[in-house]
Amino acid sequence: MSANDLAVVILAAGKGTRLKSSRAKVLHRAGGRSLVDQIVRACVPLHAKKTLAVVGHQADQVTAALEPLDVQSVLQQPQNGTGHAMQVARRALGNARIALVLPGDAPLIRTETLKALIAAHRAGNAAATLLTAVLADPSGYGRVVRKSAASVSAIVEESQLTAEQQELNEINSSIYCFTLAKLWPALAQVKPNNQHRELYLTDAIAVLAAAGETVLAQVAPDSREVLGCNTRADLAEVDRVFRERKRAELMDAGVSFQLPETVLVDPEVIAGEDTVIEPGVQLLGKTRIGARCTIRTGSVLSDATLGDDVTVEPHCVVAQSRLDDGVIIGPFARLRPDNHLKTGSRVGNFVELKKSVLGEGTKAMHLSYLGDAKIGTKSNIGAGTITCNYDGFHKYPTTIGNKVFVGSDSTLVAPVRLADGAYIAAGSTITDNVPADSLGIGRGRQVTKRGWAAKKRRELAAADAPKKSRKAGKKKTAPRKPARKLKRRSR
Ligand code: UD1
Ligand code: MG
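Residues numbered from 1 in each chain as written. Chains lettered and ligands numbered in written order. Predicted model: local features only at pLDDT ≥ 70, side-chain atom pairs only at ≥ 80, totals over all residues. Heavy atoms only, no water.

Draft legend 1. Quick peek at the overall build of the chain. Looking only at helices and strands, one finds 8 helices and 41 strands in the chain. Scaling as 2.2 N^0.38, a compact globule of 491 residues should have a C-alpha radius of gyration of about 23 Å, whereas the chain reaches 35 Å, well beyond that. Each principal axis of the C-alpha atoms in the chain carries an extent, and together these give about 120 × 65 × 40 Å. Classification of the 491 residues of the chain by burial places 47% in the buried group. Taking the contacts inside the chain whose residues are at least 6 apart along the sequence as the reference set, 40% of them involve residues at least 24 apart. Charged side chains of the chain number 69 positive and 47 negative; the gap between the two group centres comes to 18 Å. (Helix = DSSP H or I, 4+ residues; strand = E, 2+ residues; numbered from the N terminus. Rg over C-alpha atoms; globule rule 2.2 N^0.38 Å. Buried < 20%, exposed > 50% of the residue type's maximum accessible area, 1.4 Å probe, protein only. Contact = heavy atoms within 4.5 Å. Lys, Arg positive; Asp, Glu negative; His and termini not counted. Charge placed at Lys NZ, Arg CZ, Asp CG, Glu CD.)

So, in structure tokens, the structure goes:
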């Protein structure tokens, strides 16, 4: 579609009073992006000559959010209504012939619907074409008063509805196409005849219709596309619809969801065929999941990259980490940023990883902290192994080679290096490098005192006996001979 005569205007200056928020309405998020970001994305494929946003409330923050989206901001100060917002945008619109106007708070709109609206406007040679929707509950919206089946005579805001107009359930979406040469004179006639003393763009419709101009209306194919976010409840509903769309997209790509309504997926997430997502999972940011993976219940993945056949057992938290083919983690594993788990490696329950590499087939199955650790292939990290990577000032690396065995409950005081085939005795505190194929053992030696416990019990029983007999009112028994001192066994 040639769109050299088309400009897009997003009205984003309002405060969003009904949200009760210190943040501008259009910067609130739904479906993983800000409202205005969602709208701009829907408009990009229209290839308009220019895209403007009218900003006002929190103009600096909104402008900053718009810049990377290649949208020019126009300041409306003060915000005297949607009609006034268009007047403010007039100069920046230059010689555009048609303007597609959208509110900043209706982010569910689809590109196809906008294309159809513009096409209807052009085909009907209209002064204005409205996108409308028929709602079971039209409350909160301006209502469309039809002149005939095809044309419109007015939009009436809810506060101004007459008793019989209360019945109308076709609403104004606030998405319109205007032929600008017709809009400007009509807007000039609009008066701020409402309780807010604002100039309503909606009032320009009645002016155009009364002047005999063509005002058309297109009903949106899916009424949910025009949902406006005026309240927190609206925001939640719009977010729900976005999430539903995203899950449907992944299902179309061959991904299975159990209880899909409980799974939250951000817009840029991708997943391969036959991957199964269990209930209560969150897939966030730029998470990429391969084929035949299983993401089990309660896991939260953000900016994670998973190969094929990966299993994330229940209740894992994974951030900015890479899991190659066949990796299994969890349940209850926490991967903080910058880990790389190579093919077939395994991380078990209550294991925390940060900036660590696990080589192919390496396992760390229980209760460990591995930070700044680089581990080779087929090594075994025993239960309770801790890398002491931080001395309170700096972080230090732990380097572990291939086929290293680290016994349970070892502390590896970094910087330290365990070479290929090294073997660490359980319970060691390792402060020195361990050469290849060597044993590292760093712990206090055990002393065994034969019979000690039995003697101790006898001593205690003897010391207790007089007290007991006193209580029972019995005669004192002679104190026992003190136990012979134990002979120290040589070590
Ligand atoms: C508006 C429409 C209503 C429609 C509804 C659809 C008007 C008068 N009413 O009502 O018919 O059913 O949208 O959601 O237009 N804005 C500015 N500058 C201003 C005022 C508003 O840029 O001075 C922006 C807001 O930021 C918002 C949009 O215009 O993005 C619409 O304003 P809002 O206050 O949400 O209007 P509604 O009451 O929802
Ligand atoms: Mg609104």
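Draft legend 2. The arrangement of the site of ligand 1 in detail. Of all residues adjacent to ligand 1, which total 24 residues, the nearest are Leu 11, Gln 76, Gly 81, Glu 157 and Asn 172. Residue Gly 14 places a main-chain N or O atom 2.8 Å away from an oxygen atom belonging to ligand 1. Between ligand 1 and Asp 105 there is a distance of 3.1 Å, counted from an oxygen atom to a side-chain nitrogen or oxygen. Surface burial for ligand 1 is 90%, taken as the share of its 750 Å² of free accessible area covered by protein chains. Cavity membership is defined here by more than half of the atoms lying within 2 Å of grid points; on that basis ligand 1 lies in the largest pocket. Looking at the shell around ligand 1, the elements that each hand over two or more residues are β1 (6–12), α3 (82–89) and β10 (170–179). It is β10 that provides the largest number of residues to the shell around ligand 1, a total of 3 residues. (Near = heavy atom within 4 Å. Polar contact = N/O pair within 3.5 Å; in protein donor to acceptor, adjacent residues only side chain to side chain. Areas by Shrake-Rupley, 256 points an atom, 1.4 Å probe, with all protein chains shown as cover. 1 Å grid on protein atoms, 1.4 Å probe; cavity = no way out; pocket = protein on both sides within 12 Å on 5 of 7 lines; lining within 4 Å. Sits in = over half its atoms within 2 Å of the grid points.)

Draft legend 3. View of the sheet that holds strand β30 (residues 363–366). Strand order in the open sheet formed by 11 strands is β12-β15-β18-β21-β24-β27-β30-β33-β36-β39-β41, and the pairing between neighbours is parallel. The open sheet has two free edges, formed respectively by β12 (256–257) and β41 (439–440), since each of these has just one partner strand. (Pairing = 2+ DSSP bridges.)

Draft legend 4. Region of the structure containing helix α2 (residues 59–66). Residues of α2 that are buried: Ala 59, Val 62 and Leu 66. The buried residues of α2 occupy an angular sector of 70° when projected down its axis, which confines them to one face. Where α2 is buried, its residues contact α1 (35–43), β4 (50–55) and β5 (72–75). (Arc of directions from axis to C-beta.)

Draft legend 5. Quick look at the packing of aromatic side chains. All told, the structure shown has 3 aromatic pairs when counted by the stated rule. Ring geometry for Tyr 176 and Phe 178: centres 5.1 Å apart, planes at 35°, overall tilted. The burial state of Tyr 176 is the same as that of Phe 178; both residues are buried. Their ring planes at 25° and their centres at 4.7 Å tell us that Phe 405 and Tyr 423 sit as a pair that is stacked. You can see Phe 405 sitting in strand β36 (residues 405–406) and its partner Tyr 423 sitting in strand β39 (residues 423–424), a full 18 residues away along the chain. Residue classification places Tyr 423 among the partly exposed positions, given a relative accessible area of 44%. Here the guanidinium or amino end of Lys 395 rests over the ring plane of Tyr 390, the centre of that ring lying 5.0 Å away. (Phe/Tyr/Trp six-rings, centres within 6.5 Å; stacked < 30°, edge-to-face > 60°. Lys NZ or Arg CZ within 6 Å of the ring centre and 35° of its normal.)

Draft legend 6. View of the coordination of the magnesium ion (ligand 2). Looking at the metal site, the magnesium ion (ligand 2) is ligated by Asp 105 (OD) and Asn 230 (OD1), spaced 2.2 to 2.5 Å from it. Of this pair, Asp 105 sits in the loop between β6 (98–103) and α4 (111–124) while Asn 230 sits in the loop between β11 (215–219) and α7 (232–252); the two residues are 125 residues apart in sequence, bridging distant segments of the chain. (Donors = N, O, S within 2.8 Å, 3.2 Å for Na, K, Ca; no water.)

Draft legend 7. Broad picture of the pattern of salt bridges. A full pass over the atoms with the stated rule returns 23 salt bridges. In this structure, the salt-bridge partner of Arg 97 is Asp 5, at a minimum N-O distance of 3.4 Å. Taken together, the residues span a long stretch of sequence, with Arg 97 in the loop between α3 and β6 and Asp 5 in the segment before β1 at a distance of 92 residues. Overall, Arg 97 belongs to the partly exposed group, its relative accessible area being 40%. As a salt-bridge pair, Asp 324 and Arg 322 come within 3.1 Å of each other at their nearest N and O atoms. Classification of Arg 322 as partly exposed rests on a relative accessible area of 42%. Here the salt bridges share partners, and the residues they tie into one network are Asp 222, Arg 224, Glu 237, Arg 240 and Glu 244. (Salt bridge = Lys/Arg side-chain N within 4 Å of Asp/Glu carboxyl O.)

Draft legend 8. Just the nonpolar core, in detail. Of all hydrophobic cores here, the largest spans 46 residues; its most connected members are Ile 10, Leu 66, Leu 100, Leu 102, Leu 114 and Ile 175. No other element matches the 6 residues that α1 contributes to this core. Residues within four places of Ile 10 in sequence aside, it is in contact with Val 36, Ile 39, Val 40, Thr 51, Leu 52, Ala 53, Val 54, Leu 102, Pro 103 and Gly 104. Counting residues in each nonpolar core, the second largest holds 45 residues, with Val 404, Leu 412, Leu 418 and Ile 424 among its members. (Core = buried A, V, L, I, M, F, W, Y, C linked by side-chain atoms within 4.5 Å.)

Draft legend 9. Geometry of the sheet that holds strand β29 (residues 357–358). Ordered by their spatial adjacency, 9 strands build an open sheet running β14-β17-β20-β23-β26-β29-β32-β35-β38, and the pairing between neighbours is parallel. Each edge of the sheet is formed by a strand with only one pairing partner; in this case those strands are β14 (270–271) and β38 (416–418). Bridging between strand β26 (residues 340–341) and β29 involves 2 bridges; their strand directions are parallel. The partner of Leu 341 across the bridge, within β29, is Leu 358.

Draft legend 10. Summary view of α3. Within the span of α3, buried status applies to Gly 83, His 84, Ala 85, Met 86 and Ala 89. Packed against the buried residues of α3 are β1, β4, β5, β6 and α5 (180–189).

Draft legend 11. Local environment of unusual backbone geometry. Cis geometry marks the peptide bond from Gln 77 to Pro 78; its omega dihedral reads -5°. Relative to the assigned elements, Pro 78 resides in the loop between β5 and α3. With an omega of 0°, the peptide bond running from Gly 330 to Pro 331 counts as cis. Within the secondary structure layout, Pro 331 lies in the loop between β24 (328–329) and β25 (334–335). Phi is positive for Leu 259, close to 45°, though the residue is something other than glycine. Inspection of the secondary structure assignment puts Leu 259 in the loop between β12 and β13 (264–265). Here Asp 437, not a glycine, exhibits a phi torsion of approximately 55°, which is positive.

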